[in-house]
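# Observations on the model geometry
The chain contents come next:
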Amino acid sequence: MKALVVGAGVGGLTTTLALRSHGIDAELFEAAAQPPESGGGLGIGANATKVLSALGLDLEKAGVGRVCEEFTLRTARGRLMREMPIRSISDELGSPLVNVRRSDLVGLLRDALADTPVHHRARVTRYDRVGRGVSVTCADGRTHTGDVLIGADGIRSAVRAQTAGPEPVRDYGYVCWIATVPFTHARLPAGGAAHYWGRGQRFGLIDVGGGRAYWWGTKNTPGRRRLRWAGTKEDVLRCFRGWAEEVREAISRTDEADIVTVPAQDRTFLESWGVGPVTLVGDAAHPMLTSLSQGAGSAIEDGQALARHLATGPDVVTSLRRYETERRDRTRWLVAASRRLSHTEQFAHPLTVALRDLTIRYAPMSVVRRQTIAPMRYQPPV
Ligand SMILES: Cc1cc2nc3c(=O)[nH]c(=O)nc-3n(C[C@H](O)[C@H](O)[C@H](O)COP(=O)(O)OP(=O)(O)OC[C@H]3O[C@@H](n4cnc5c(N)ncnc54)[C@H](O)[C@@H]3O)c2cc1C
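So, a few notes on the structure that sits alongside this text. (Residues numbered from 1 in each chain as written. Predicted model: local features only at pLDDT ≥ 70, side-chain atom pairs only at ≥ 80, totals over all residues.)

### Brief notes about the site of the ligand
- The full set close to the ligand counts 34 residues, and G7, G9, G154, G282 and G295 are the nearest of them.
- For the shell around the ligand, the element with the most residues is helix α9 (residues 295–312), which contributes four residues. (Near = placed C-beta within 6 Å. Helix = DSSP H or I, 4+ residues; strand = E, 2+ residues; numbered from the N terminus.)

Written as structure tokens, this is what we have:
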């Protein structure tokens, strides 16, 4: 069996690695000219580090990223609101939450694929059914055939568009800026992660190891302004005027060219991810807002589940539909829970913000723990 995988992001690479671990051949097609060299970071939850470890990738041992040992929620000015029980959660789940640079994780996955063909500058524009198999056509006119087609091509997936038809993205009215930067600071402990919550604005500052930090900032932006958003470093600094010193310093020390602006978007949940020998993984199947930090994690879970079904199912089409059925409820829940949390996080009215912050400060630890651990509880069926 040979699989054609469209997209060499975290989802496509993990899927390919999982397929190879079951002895299934795969070929990857990636639109970009080369793997990412910088960009933002990712929190890889215990659910996903467990899957990666089952695929032979131990992030900690590989020196990729930094195990999260302290996670605090703070006010915009940096006052502690809540310490999250991240260490005891990792202990209970038997796997750590690791914060990584996206490019480092992609590099690790890519290296693990060894001789698997990865075609760069290969933007897939369409697919066609060929007998029981499938072919893809790239923008340069080349075609490739295989037995299975896996669309791992992100929120603007071409494979999804052809399978499900045109559908608009859902926009949530705020932007995210992301960057990684060489950064240490007395208020960012080793293995530390802090989220600062303001009014219609948030900031995350996270140690990703190797003397680097990953930061992200968000800001509610009414429609027209967002579409015209230039997102210069000065703009970002202006938005975080008066915030904690470490927040402003992280932004200040970042090269403007390294700041990436991303709109907060997802899509209406798609109940049917494929037809015949075609399916989707990761953001192509279930794009979600960033609030739960589970987009990449769930793409990693998808890859492992899909490979297991293809390796054990009676035929390709049955295996793909079984994979989709297995993944549907969990990912639907993650998409919805991310929306709910995002809504609360981006509150802008002083009253709702005050109530939110009081709840964070005084909620019983058992409740805080239950809500933090829930997205990371994942036990793949054997
Ligand atoms: C600001 C921000 C913060 C985030 N934080 C976290 C976090 O902390 N933890 C977490 O788990 N997730 C996080 N996410 C979500 C995470 O980034 C995504 O869910 C994850 O990258 C999805 O992986 P993917 O491989 O499905 O898609 P992508 O990463 O989007 O990869 C898709 C790949 O397909 C390629 N491609 C696209 N179209 C084509 C085509 N037609 N032909 C060939 N190739 C194509 C693209 O170039 C790309 O390489 C965050 C996202 C954002 C925006």
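### A look at the packing of helix α1 (residues 10–21) against α9
- Axis separation between α1 and α9 bottoms out at 8 Å; the angle between their running directions is 30°. One finds that α1 runs roughly parallel with respect to α9. Remark: the crossing between α1 and α9 carries right-handed chirality. Along the contact surface, α1 presents V10, G11, T14, T15, A18, L19 and S21, while α9 presents A296, A299, I300, D302, G303, Q304, L306, A307 and L310.
- Of the residues that constitute the contact of α1 with α9, the class distribution is nine nonpolar, six polar and one charged. (Axes fitted to C-alpha atoms, helices over the stretch in contact; angles between N-to-C directions. Parallel < 35°, antiparallel > 145°, perpendicular 65-115°, else oblique. Left-handed = near helix turned anticlockwise from the far one by under 90°. Contact = placed C-beta atoms within 7 Å. Nonpolar A, V, L, I, M, F, W, Y, C, P; charged D, E, K, R; others polar.)

### Description of the sheet that holds strand β10 (residues 133–138)
- In space, the three strands of this open sheet follow the order β9-β10-β11, with antiparallel pairing throughout. With partners counted over all chains shown, the strands left at the sheet margins are β9 (124–130) and β11 (143–146), one partner each. Taken over all neighbouring pairs, the strand axes of this sheet differ in orientation by 20° on average, direction set aside.
- The pairing of β10 with β11 spans four bridges and is antiparallel. By the bridge assignment, V134 is partnered in β11 with G146. (Pairing = 2+ DSSP bridges.)

### Quick look at the packing of helix α2 (residues 46–54) against α9
- Look at α2 against α9: their axes get within 8 Å of each other, and the N-to-C directions meet at 35°. As α2 packs across α9, the resulting crossing turns out to be left-handed. Here N47, A48, V51, L52 and A54 of α2 lie close against α9, whose contacting residues are A296, G297, I300, E301 and Q304.
- A class-by-class count of the residues in the contact of α2 with α9 yields six nonpolar, three polar and one charged.

### Some remarks on the nonpolar core
- L4, V6, L149, I150, L205, A213 and V247 are the most contacted members of the largest nonpolar core, which has 97 residues in total.
- The leading source of residues in this core is α9, at seven residues.
- Apart from the residues within four sequence positions on either side, V247 is in contact with Y196, F203, L205 and F240. (Core = buried A, V, L, I, M, F, W, Y, C linked by C-beta atoms within 7 Å. Buried ≥ 20, exposed ≤ 12 C-beta atoms within 10 Å, placed from the backbone.)

### Observations concerning the pairing of strand β3 (residues 41–44)
- Burial along β3 is two-sided: G41 and G43 facing one way and L42 and I44 facing the other are all buried.
- One ladder, built from four bridges, connects β3 with strand β7 (residues 98–101); its direction is antiparallel. Its bridge partner lying in β7, L42 is registered against V100.

### Quick notes on helix α4 (residues 102–112)
- Every buried residue belonging to α4 is among R102, D104, L105, V106 and L109, and all of these are buried.
- Residues of α4 that are buried sit in contact with α1, β3 and β7.
- Immediately downstream of α4, the backbone of A114 shows phi near 45°, a positive value.

### Looking at the pairing of strand β5 (residues 70–75)
- The pairing of β5 with strand β14 (residues 192–197) spans six bridges and is classified as parallel. Following the sheet pairing, L73 is matched in β14 by H195.
- Across four bridges, β5 lies against strand β6 (residues 80–84) in antiparallel orientation. For T72, the partnering residue across the bridge sits in β6 and is E83.
- In this structure, the hairpin formed by β5 and β6 is closed by a connection of four residues, where G78 is found at a positive phi of approximately 105°.

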